[in-house]
Each structure stands twice: as structure tokens, then as C-alpha cells.
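These are the residues of each chain, in order.
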Amino acid sequence: MNSTPRHVRIVIAKPGLDGHDRGAKVVARALRDAGHEVIYTGLHQTPEQIVATVLAEDAAVLGLSILSGAHLTIVERVTHLLRQAGADDVRILVGGIIPDADIPTLEAMGVDATFTPGAEIRHILAAVGRLRETDLVEVPC
């Protein structure tokens, strides 16, 4: 097994009308500081814009930060668009105000990990580490 750290390209997106992006920026910076290539989309992105960014950047991971309560609708649309584009191998992380009861539904939609308020950065980094150990494409750094 190769002991050289592998770094992945990750898109962090803020879908919908939610205007609070501090958490997304903190996560993006932590991922970047861990050596990953991070693309932050900014606020108020539509699912179509998010998927277009994932495709254009050839990202292996998509992180969605959703505080508006529309997580089920947004994730359903994003996963549909990714499948439609032939990019259903993109791994998805979701963070935000997510009721525990909705986590199994998100997992059934294809979400690899869900993070609720108070999640520690080290847990998010560990989740990306687990994903990269599976089948993610390495980014030359």
C-alpha cells in the first residue's frame, strides 16, 4: 500500500437561498489545509450550477452545506443530475441542519456521510480520508 497521502478535488457548495456560509468556508479551509484541492461555489447555487461545477472541475467529492431544511429536495435533484451526466461516481457529503430521521433517506439517495451541527472537523477529514482510500481519483499536487 502506498503511504504517500492522496489528495482529491472537492467542490463545496451552498445550494438554495440560505445565506449563511461560515461553516462551509471553515470546512473548505480545513480540507485545503489537509492538502486537498477545494473549489468553493459561493452562495445561492442551484443544483444545476453545482453539478456543472462538479463536472467542469472533474471533482471526486461534492460537499453540500444546507441549513434551509431543503436537504432532501436538493440532494435528490443533485444526485439525479449527477446520474444523468454519468457522474454518479462522485462521492457526496452533506452538512447542516439535518434531522437524524432524514439521514437514512440521504444515504439511500447516495450520500456517503452526513454531518450535523457540532460535527468536528477531524470527523469530516476522516470521512474524506475513508473515501479517498476507496476509489477516488488522486489530484497531482
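About the criteria used
Residues numbered from 1 in each chain as written. Predicted model: local features only at pLDDT ≥ 70, side-chain atom pairs only at ≥ 80, totals over all residues. Heavy atoms only, no water. Helix = DSSP H or I, 4+ residues; strand = E, 2+ residues; numbered from the N terminus. Buried < 20%, exposed > 50% of the residue type's maximum accessible area, 1.4 Å probe, protein only. Contact = heavy atoms within 4.5 Å. Salt bridge = Lys/Arg side-chain N within 4 Å of Asp/Glu carboxyl O. Polar contact = N/O pair within 3.5 Å; in protein donor to acceptor, adjacent residues only side chain to side chain. Expected span 1.5 Å × (residues − 1). Arc of directions from axis to C-beta. Axes fitted to C-alpha atoms, helices over the stretch in contact; angles between N-to-C directions. Parallel < 35°, antiparallel > 145°, perpendicular 65-115°, else oblique. Left-handed = near helix turned anticlockwise from the far one by under 90°. Nonpolar A, V, L, I, M, F, W, Y, C, P; charged D, E, K, R; others polar.

Q: What is the right way to read the side chain of Ser65 from this model?
A: Of note, Ser65 is situated in strand S3 (residues 61-66). Taking relative accessible area as the criterion, Ser65 reaches 12% and is therefore assigned buried. The contact partners of Ser65, leaving out residues within four places of it in the chain, are Ala13, Lys14, Pro15, Ala24 and Gly95.

Q: I'm lost on the pattern of salt bridges in this one. Help?
A: Where charged atoms from two side chains of opposite charge come close, those side chains can pair. Within the structure shown, the criterion is met by 8 salt bridges. Between Asp33 and Arg29 there is a salt bridge, and its shortest N-O distance comes to 3.7 Å. Of this pair, Asp33 and Arg29 both sit in helix H1 (residues 22-33), 4 residues apart, which is roughly one turn of the helix. Classification of Asp33 by relative accessible area gives exposed; the value is 53%. Salt-bridge contacts for Glu48 lead to Arg77; the nearest nitrogen and oxygen are separated by 2.7 Å.

Q: Please clarify how the side chain of His36 should be interpreted in this entry.
A: You can see His36 is positioned in the loop between H1 and strand S2 (37-40). At a separation of 3.1 Å, a polar atom in the side chain of His36 contacts the main-chain amide nitrogen of Val8.

Q: Explain helix H3 (residues 71-84) here, please?
A: Over its 14 residues, H3 runs 20 Å from end to end, which matches the ideal 20 Å to within 8%, given 1.5 Å per residue. Turning to H3, its buried residues are His71, Ile74, Val75, Val78, Thr79, Leu81 and Leu82. For H3, the buried positions fall inside an angular range of 160° around the axis, keeping them on one side. Across H3 from its buried face, at more than 90 degrees, point the exposed residues Thr73, Glu76 and Gln84. Packed against the buried residues of H3 are helix H2 (47-57), S3, strand S4 (91-96), helix H4 (103-109) and strand S5 (111-115). Just beyond H3, the residue with positive phi is Gly86, at close to 75°.

Q: What's the story with H1 in this structure? I'm lost.
A: Because an α-helix completes one turn every 3.6 residues, residues spaced three or four positions apart along the sequence face the same direction. Along its 12 residues, H1 runs 16 Å from first to last C-alpha, staying within 8% of the 16 Å computed at 1.5 Å per residue. Considered for burial, the residues of H1 that qualify are Ala24, Val27, Ala28, Ala30 and Leu31. Buried residues along H1 cover an arc of 165° about the axis, so they all sit on one side. Set apart from the buried face of H1 by more than 90 degrees, the exposed residues are Arg22, Arg29 and Asp33. For H1, the elements touching its buried residues are strand S1 (9-13), S2, S3 and helix H5 (121-132). Directly after H1, the chain includes Gly35, whose backbone phi takes a positive value near 105°.

Q: What's the story with the packing of H2 against H3 in this structure? I'm lost.
A: For the pair H2 and H3, interaxial distance at closest approach is 9 Å and the crossing angle is 45°. In terms of their interaxial angle, H2 and H3 are classed as oblique. Classified by chirality, the crossing of H3 by H2 is right-handed. The residues of H3 that touch H2, namely those facing Pro47, Glu48, Val51 and Val54, are Arg77, Val78, Leu81 and Leu82. Partitioning the contact of H2 with H3 into residue classes produces 6 nonpolar, no polar and 2 charged.

Keep in mind these numbers describe shape, not what the thing actually does.
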